[in-house]
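Spelled out from the first residue to the last, the chains are:
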Amino acid sequence: MVRISPRERFDGEFTLPGDKSVTHRAIMFNGGVDGEAVVSNALMGEDCVSTCRCLRALGAKIDVDGTTLRVKGVSAFRRGMELDCGNSGTTMRLLTGFVAGKKIDVKLYGDASLSARPMGRVAEPLSVLGADVKTTDGHAPLYVSPATIRGGEIALTVSSAQVKSALLLAGLSADGEVVITEPVKSRDHTERLLKAMGANLQTDGNTARIFKSTLHSVDVCVPSDISSAAYFMALGALKGKTLCKNVGINPTRTGILKAFERLGVKYFLHNTHISGGEATADILVEKSDMRGITLTEVDVPSMIDELPLVALLCAFADGESRIVGAKELRVKESDRIRTTTELIRNLGGDCEELPDGFIIRGKKTLLGGTVNSYLDHRIAMTGAVGLIASKNGGEIVHPECCEISFPNFFEMLGVDLRS
Ligand code: S3P
């Protein structure tokens, strides 16, 4: 448990850790090809450490020096391995697709939270492509056996970068074209990196097509994670002025900026440039009066991990907000519709749970209270923002789960976890 005090102002310049999605992919894809690559500004949160552990078990060598990784990959993975994916859905879902065409037996397992998350959503479309993936009642552990991958067209009913990526990775060894279409385009880091590594892959709107490909290693300089920056951007909007440096602004990830525009949050992008195939910018956010907003299904994929925070901002806005079409939140590290509703209510806000989202009646001031993270990193960090912006502050139960995606979060906030 950690005590968080309210603050009159929150100002500062912040350099956030590397992007979690890009780090996973840079380690995994380079770990699965014959060659060597350097991944710099990598996130060394627990989830990415899980990806390193799995790739090492499969035969890759990964040397870690701070946030710089030297990855020596192998295309022929070791057989019969049991891979511990920890808490990481990205590790488990992407790796399942990656190993599916490698003619090896693999077991993938994870912690209690990961074992409760749906895995049929990867196993089923992978089997349409000929993969042999068995789930345990739709969940982990997963058992992948040797199979021949064939081409096929798959129209996903849910936009999920993890599922799309698993299918594209299986498509690398398919006899025939694999075509994936999503209802709304999800983050496209897999497509960008695979193309940079020489994959025969084309994208057109919400559709990606891949043919059998041989990849080569590439060095990756990881931009800072907009999902981590979002907490400091929100504190700027609520309490002062913050500048987050070198943040990835891939258009499939910038839904938070769209939410800011609708809320009336003043933000400015500086130093916009392309680094390693991904756009980055410094994002300045200033204290703003916010108004209620509406978000629907089309808005969700580009801010999926930021929605608990956006809901919190709505609780501080003037007027009613409606967030719908977000039932994916129910199958994240916690049921984020339930845990976010509880968080806002425990701080004194007015939030109503919908099957697929929230109605939030903004109050401008929240009193504070106790937030249970339910061991979900995004809930813990959203709670910290809410408490700093509240009148009286309060406590977070199980704050340590921030290690998953943002190991020095509390340090950067100026909060001593031992307090
Ligand atoms: C991720 C995709 C998203 C996101 C997760 C990371 C990725 O999950 O919530 O934090 O790196 O591909 P879904 O694909 O399940 O939406």
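No experiment lies behind these values; they were computed from the predicted model shown. (Residues numbered from 1 in each chain as written. Predicted model: local features only at pLDDT ≥ 70, side-chain atom pairs only at ≥ 80, totals over all residues. Heavy atoms only, no water.)

1. Notes on helix α1 (residues 20-31)
Note the threshold: Where helices and strands are cited, they refer to DSSP runs of H or I of at least four residues and of E of at least two residues respectively, numbered from the N terminus. Multiply 1.5 Å by the residue count of a helix minus one, and that product is the helix's expected span. Relative accessible area decides the class of each residue, using a 1.4 Å probe on protein chains only: under 20% of the type maximum gives buried, over 50% gives exposed, and in between gives partly exposed. Each polar contact in these results corresponds to two N or O atoms within 3.5 Å; when the atoms are within protein, one needs to be able to donate a hydrogen and the other to accept it, and residues that are neighboring in sequence are counted only if both atoms are side-chain atoms.
Relative to the 16 Å expected for 12 residues at 1.5 Å per residue, α1 spans 16 Å between its end C-alpha atoms, a close match to the ideal helical length. A large share of α1 lies buried, amounting to 12 of its 12 residues. Sitting at the amino-terminal end of α1 is Asp19, which places a side-chain oxygen 2.9 Å from the backbone nitrogen of Ser21.

2. A word on unusual backbone geometry
Residues other than glycine predominantly adopt negative phi, and peptide bonds predominantly adopt the trans conformation. Residue Pro141 is reached from Ala140 by a cis peptide bond, and omega for that bond is 0°. By the secondary structure assignment, Pro141 is in strand β9 (residues 139-145). Of note in the backbone geometry, Asn271 takes a positive phi value of approximately 55° without being a glycine. With respect to the helices and strands, Asn271 occurs in strand β16 (residues 266-275).

3. Description of the pairing of strand β10 (residues 150-155)
Which entries qualify depends on this criterion: Note on pairing: two strands pair once DSSP finds at least 2 bridges between them. Throughout, right-handed denotes a crossover for which the path from the first strand over the helix to the second runs clockwise when the strands point away from the viewer.
Bridging between β10 and strand β11 (residues 175-181) involves 5 bridges; their strand directions are parallel. Residue Glu153 lies in a different strand from β11, and its bridge partner there is Val179. What joins β10 to β11 is helix α6 (residues 161-171), and the crossover it makes is right-handed.

4. Some details on the sheet that holds strand β18 (residues 294-295)
Pairing between the strands of a sheet comes from backbone hydrogen bonds, and it takes one of two forms, parallel or antiparallel. So the rule is basically this: By definition in these notes, contact holds between two residues if any of their heavy atoms fall within 4.5 Å. Every axis in this analysis is a line fitted to C-alpha atoms, fitted for helices over the stretch in contact. Angles between the N-to-C directions lie between 0 and 180 degrees.
Strands sit in the order β18-β19-β21-β20 across an open sheet of 4 strands; the sheet is mixed. Two strands lie at the open edges of the sheet, namely β18 and β20 (350-354), each paired on one side alone. In terms of strand pairing, β18 meets strand β19 (residues 320-323) through 2 bridges, oriented parallel. Of the residues in β19, the one forming a bridge with Thr294 is Arg322. Along the sheet, helix α10 (residues 307-315) makes contact with β18, β19 and β21 (357-361), crossing β19 at roughly 165°. With respect to the sheet, helix α11 (residues 336-346) is in contact with β20 and β21, its orientation differing from that of β20 by roughly 165°.

5. Brief notes about the site of the ligand
Quick note on the threshold: Neighbouring residues are identified by heavy atoms, a residue being near a molecule or strand if any of them is within 4 Å of it. Areas reported here follow the Shrake-Rupley algorithm with a probe of radius 1.4 Å; residue values treat only the protein chains shown as occluding. Here a cavity is any set of points on a 1 Å grid over the protein atoms alone where a 1.4 Å probe fits but cannot get out, and a pocket is any open set with protein on both sides within 12 Å along at least 5 of 7 lines; a residue lines the site when it has an atom within 4 Å of a point. A cavity or pocket is said to hold a molecule if more than half of that molecule's atoms lie within 2 Å of its grid points. Side-chain classes are defined by residue name, with Ala, Val, Leu, Ile, Met, Phe, Trp, Tyr, Cys and Pro counting as nonpolar, Asp, Glu, Lys and Arg as charged, and the others, Gly among them, as polar.
Around the ligand sit Lys20, Ser21, Arg25, Thr90, Arg93, Ser160, Ala161, Gln162, Arg187, Ile304, Asp305 and Lys332, and those are all the residues in its vicinity. Arg25 places a side-chain nitrogen or oxygen 2.6 Å from an oxygen atom of the ligand. Take Lys332: an N or O atom from its side chain is 2.7 Å from an oxygen atom of the ligand. Computed on the free molecule, the ligand has an accessible area of 380 Å², of which 95% lies beneath the protein chains in the complex. Taking a 2 Å distance to the grid points as the criterion, the majority of the atoms of the ligand fall inside the largest pocket. Looking at the shell around the ligand, the elements that each hand over two or more residues are α1, α3 (89-100) and α6. Considering each element in turn, the shell around the ligand owes the most residues, 3 residues, to α1. Among the residues making up the shell around the ligand, the classes are represented as 2 nonpolar, 4 polar and 6 charged.

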